[in-house]
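Structural description and commentary
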Amino acid sequence: MRRNPTTSRSISHLPVRRGDRLRVLVVTESFLPQVNGVTNSVRRVLEHLAAEGHEAELVAPTGPATYAGFPVSTCRGAHLPFYKDFRIGLESRRRLRGVMLRFRPDVVHIASPATLGYQAARAAQELGIPTVAIYQTDLVGFAERYGIAGGTRAMAYLTRRIHTSVDRTLAPSTASLRQLEEMEIPGLGRWPRGVDLEQFGPEHRDDDLRARLAPAGELLVGYVGRLAPEKELELLARVEEQPGVRLVLVGGGPEEERLRRLLPGAAFLGVLHGAELAAAYASLDVFVHTGRHETYCQAAQEALASGVPVVAPRSGGPIDVVDDGSAGFLYPPGDAAALASYVELLGAHPALRRRMGLAARRSVEGRSWAAVSALLVRHYREVVDGRRAATVRAA
């Protein structure tokens, strides 16, 4: 790890800081240059903490030297053998304790914990530091989709070990909360994801881009996200078969070559950021999502903010994100025919498409990152105050 501890004593007896400012240590399994939902939410959290005058540090397997003015400590890591594009942290508990002893955080924020998150949770537990874990990756569903021998049981065990060792676990959707409740994980709360209502909006529609992608006026049907097995993108083959439809895929991943063969008429735009990503969303007629294991589905939310109706599985996060029948449609998970039929319906009825596009934008107007991040800080304060009260009672 890049930074070294300066002391070795326990800090469990230190007084909890009061006042407006918090010291937050963020530990994440994923950060830049990886681009995914975990990275994006961690970036937004750090930006909010900086804007509000809090102090923070980040520990991650990869990343720049600083982000949002906060130092980043990179740690040892490894690539998953079945998914080379994904890197997990392998830092030791001893070295994470050293970071905590030096920085003296009020709370440890553990983002999408797996191997690194588990060690961080244990280190904080040993030092008596309050912890908030963000449930963002369905490790059990991930193992099921990749067909790892014994993986489902192992990931369920790991998930329960991690989340029973923290003070509070925040899940983004009601489906995720139910999943964790069934695993008998205590201390649950809801923390949804925000959306940048300035970056994403219908005003970013790009007629030149549409002309290039749909020169004959085709219906533009798009997907944004990783091109990976758990996303079940083979379901889009039924959509591509429809006359007058042009598929657009934004993103990269291990499935790209297979998908190019499976969807020969699709436009693959690669990984996009900023204005290019906003234009890609807003220039679509319909947004589609296929994976059933999304804990939230931020891409669907960004499409809604762009004024685009969404067709997604009735599973996981989309159940909360997409207002079925108003801002889009939810179909039975894995049902390619149902997915294609909803796309066909929207393609055949432009007035319905426009009405749903307007409803889509309205449905997310209360979900700014500022509001969502403020809720997260309230969760921080509650666990800090709860630990302080327990210490007073025990004294």
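Quick note: structure is the one above.
A brief look at the structure comes next. (Residues numbered from 1 in each chain as written. Predicted model: local features only at pLDDT ≥ 70, side-chain atom pairs only at ≥ 80, totals over all residues. Heavy atoms only, no water.)

With that settled, the discussion passes to the overall build of the protein. Within the protein, the secondary structure is distributed over 15 helices and 16 strands. For 395 residues, the compact-globule formula gives about 21 Å, and the C-alpha radius of gyration of the protein, at 22 Å, lands near that figure. Taking the principal axes of the C-alpha coordinates as reference, the protein spans close to 70 × 45 × 40 Å. Buried positions account for 55% of the 395 residues belonging to the protein. (Helix = DSSP H or I, 4+ residues; strand = E, 2+ residues; numbered from the N terminus. Rg over C-alpha atoms; globule rule 2.2 N^0.38 Å. Buried < 20%, exposed > 50% of the residue type's maximum accessible area, 1.4 Å probe, protein only.)

Right, let's talk about helix α6 (residues 174-182) for a bit. Along α6, the residues that are buried comprise A175, S176, L177 and L180. If you follow the buried residues of α6, they end up packed against α5 (151-163), β9 (168-171), β10 (188-190) and α12 (318-321). Of the residues trailing α6, E184 is marked for its positive phi of about 60 degrees. (Contact = heavy atoms within 4.5 Å.)

Close contact between helix α4 (residues 139-146) and α5 brings their axes to 8 Å; oriented N to C, the two are set at 170 degrees. In terms of orientation, α4 and α5 fall into the roughly antiparallel class. Note on element contacts: α5 touches α4 through G151, T152, M155, A156, L158 and T159, opposite L139, V140, A143 and E144. For the contact of α4 with α5, a count of residues per class yields six nonpolar, three polar and one charged. (Axes fitted to C-alpha atoms, helices over the stretch in contact; angles between N-to-C directions. Parallel < 35°, antiparallel > 145°, perpendicular 65-115°, else oblique. Nonpolar A, V, L, I, M, F, W, Y, C, P; charged D, E, K, R; others polar.)

Below, the discussion takes up the sheet that holds strand β13 (residues 267-270). Strand order in the open sheet made by the six strands is β13-β12-β11-β14-β15-β16, with parallel pairing throughout. Here the strands that pair on one side only, and so sit at the sheet edges, are β13 and β16 (328-331). Ignoring strand direction, the axes of neighbouring strands in this sheet form an average angle of 20 degrees. Sheet topology note: the strand β15 (residues 310-313)/β16 ladder contains four bridges and is parallel. (Pairing = 2+ DSSP bridges.)

Note: strands within a sheet are paired through backbone hydrogen bonds, in either parallel or antiparallel orientation. Reading across the sheet, the eight strands line up as β3-β4-β2-β1-β7-β8-β9-β10 and stay open at both edges, with mixed pairing between neighbours. The open sheet is flanked by β3 (66-67) and β10, the only strands paired with a single partner. Taken together, the four bridges between strand β7 (residues 107-111) and strand β8 (residues 131-134) define a ladder with parallel strand orientation. Each residue of the ladder has a partner; that of V108, found in β8, is T131. This element, helix α1 (residues 37-51), spans β1 (23-28), β2 (55-60), β3, β4 (70-74) and β7 of the sheet and lies at about 170 degrees to β1.

With that settled, consider the packing of aromatic side chains. Tallied over the entire structure, the rule returns four aromatic pairs. Both rings, one in F31 and one in Y67, keep their centres 5.6 Å apart while their planes meet at 90 degrees; by these two values the pair is edge-to-face. In this pair, F31 is assigned in the loop between β1 and α1 and Y67 in strand β3, connecting sequence segments 36 residues apart. Classification of Y67 by relative accessible area gives buried; the value is 14%. (Phe/Tyr/Trp six-rings, centres within 6.5 Å; stacked < 30°, edge-to-face > 60°.)

Another point: helix α11 (residues 298-305). With eight of eight residues buried, α11 lies mostly within the body of the structure. Buried within α11 we find Q298, A299, A300, Q301, E302, A303, L304 and A305. Of the residues trailing α11, G307 is marked for its positive phi of about 80 degrees.

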